[in-house]
Every structure is written in C-alpha cells, then in structure tokens.
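Letter by letter, the chains look like this.
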Amino acid sequence: MEHRPLSELSSVADLKIPVQAPVLSKRERLDRWVELLEREPDRILRTLDEIEWKPRAQRRALRADGSALTVAYSDPVLRTAGLLSDRFGDAVDFFQISEHDAHIVLCSCHGGEAMRADEAARRVRGIRSPSLWALYFGWFR
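Since we're looking at a predicted model, the values are computed, not measured.

To continue, consider helix H9 (residues 117–128). Taking 1.5 Å as the rise per residue, H9 with 12 residues should run 16 Å; its terminal C-alpha atoms sit 16 Å apart, in good agreement. Across the 12 residues of H9, nine count as buried, placing the element largely inside the fold. Turning to H9, its buried residues are Ala117, Glu119, Ala120, Ala121, Arg123, Val124, Gly126, Ile127 and Arg128.

Turning our attention to a negative patch on the surface. A cluster of acidic side chains, namely Asp49, Glu50, Glu52 and Glu113, defines a negative patch on the protein surface. As for its placement among the helices and strands, Glu113 is situated in the loop between helix H8 (108–111) and strand S2 (114–116). For Glu113, a relative accessible area of 73% corresponds to the exposed category.

As a further point, take the environment of Asp118. Position of Asp118 relative to the elements: it lies in helix H9. Take Asp118: its relative accessible area is 22%, and that puts it in the partly exposed class. C-alpha of Asp118 to C-alpha of Glu38: the two residues are 80 residues apart in sequence and 5.7 Å apart in space. At 2.7 Å, the side chain of Asp118 forms a polar contact with the side chain of Arg116.

Our next topic: the packing of aromatic side chains. One pass over the full model with this rule turns up two aromatic pairs. Relative to Phe95, the ring of Trp33 has its centre 4.5 Å away and its plane inclined at 15 degrees; by these criteria the two rings are stacked. With Trp33 in helix H2 (residues 26–38) and Phe95 in helix H6 (residues 88–95), this residue pair connects regions lying 62 residues apart in the sequence. On the basis of relative accessibility, which here comes to 1%, the residue Trp33 falls in the buried class. Ring-pair connections join several aromatic residues into one group, and the members of that group are Trp33, Phe94 and Phe95. Against the face of Phe94 rests Arg29, its NZ or CZ located 4.6 Å from the ring centre.

The next point concerns unusual backbone geometry. For Glu50, which is not glycine, the phi torsion reads 45 degrees and is therefore positive. Along the chain, the position of Glu50 falls in the loop between strand S1 (44–46) and helix H3 (56–61). The phi dihedral of Gln96 is positive, around 55 degrees, even though this residue is not glycine. According to the relative accessible area criterion, Gln96 is partly exposed, its value standing at 46%.

Quick notes on the rules
- Residues numbered from 1 in each chain as written.
- Predicted model: local features only at pLDDT ≥ 70, side-chain atom pairs only at ≥ 80, totals over all residues.
- Heavy atoms only, no water.
- Helix = DSSP H or I, 4+ residues; strand = E, 2+ residues; numbered from the N terminus.
- Expected span 1.5 Å × (residues − 1).
- Buried < 20%, exposed > 50% of the residue type's maximum accessible area, 1.4 Å probe, protein only.
- Patch = residues over 30% accessible without salt bridge, like charges linked within 9 Å, V, L, I, M, F, W, Y side chains within 5 Å.
- Areas by Shrake-Rupley, 256 points an atom, 1.4 Å probe, with all protein chains shown as cover.
- Salt bridge = Lys/Arg side-chain N within 4 Å of Asp/Glu carboxyl O.
- Lys, Arg positive; Asp, Glu negative; His and termini not counted.
- Charge placed at Lys NZ, Arg CZ, Asp CG, Glu CD.
- Polar contact = N/O pair within 3.5 Å; in protein donor to acceptor, adjacent residues only side chain to side chain.
- Phe/Tyr/Trp six-rings, centres within 6.5 Å; stacked < 30°, edge-to-face > 60°.
- Lys NZ or Arg CZ within 6 Å of the ring centre and 35° of its normal.

If you want it as structure tokens, here you go:
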C-alpha cells in the first residue's frame, strides 16, 4: 500500500465528501411539519383508521395516502433529516413524539375520515407546545 497526502489523492481518485444530513431539533422538525401543513390550509387530509385498536406492529406500519404524514414525507428537508417513510411508527420515532400525541394528530377518532390541513397543523402545534394544547382543549393546569 502506498501512502500519499490527502491533497494528492484527488489526482488519482474520485473523492467525494459525504454530505451530512441536517441536524434538526425536535422543535425544528415539528415546526417544519406545521409549516408544510399551513402551506395549503384547506387541503383535505386522510386520517389513520382507529390507531388505538391496532396491535403495536400493525399500528407502527399504518399509513394512508394523502395524510398529514404524507405531507411531511413529501418534504425533502425532513427526508434528508431522517424521516424514513409516511408510516406511523417512523413518524413517532423521527418527530420524537409519543404514540398518544401522534394518535391525537392523526387518528380518525379525533378527526373523522378526513381533516383540513390547518386543523392538522393546529394539532401538531399543540403537541409541540403543551401549553397551547391545554388552551386548545380548554384544559387548565
């Protein structure tokens, strides 16, 4: 093996420095999701059907075309930051939220078969800021 300085290697090899994914805080990830949902506030989004009644493995695999998770996954910034799919489990992991909070945002029992994007954004904002969540639902601490 021949040793050469890094400065000489580019003349004999195609060197590519890997681009690192942006590091987004939990708050930045949720803020980005809210921003994406608010771009088309009247857009009708599908909900996930009865999340709470599914076994864990099935629940984590849940997805629906045209859901709030589809909106998040269609964003190249969130995908580059590590969002793996528009499945419930991948979203819970990526956004670092509880399944309970994701259930409130995404489940058909809270939004019917569909909801407007601005409503989904309001719910995401609520899990991002629990004090707003309390005001939204009229809870007082």
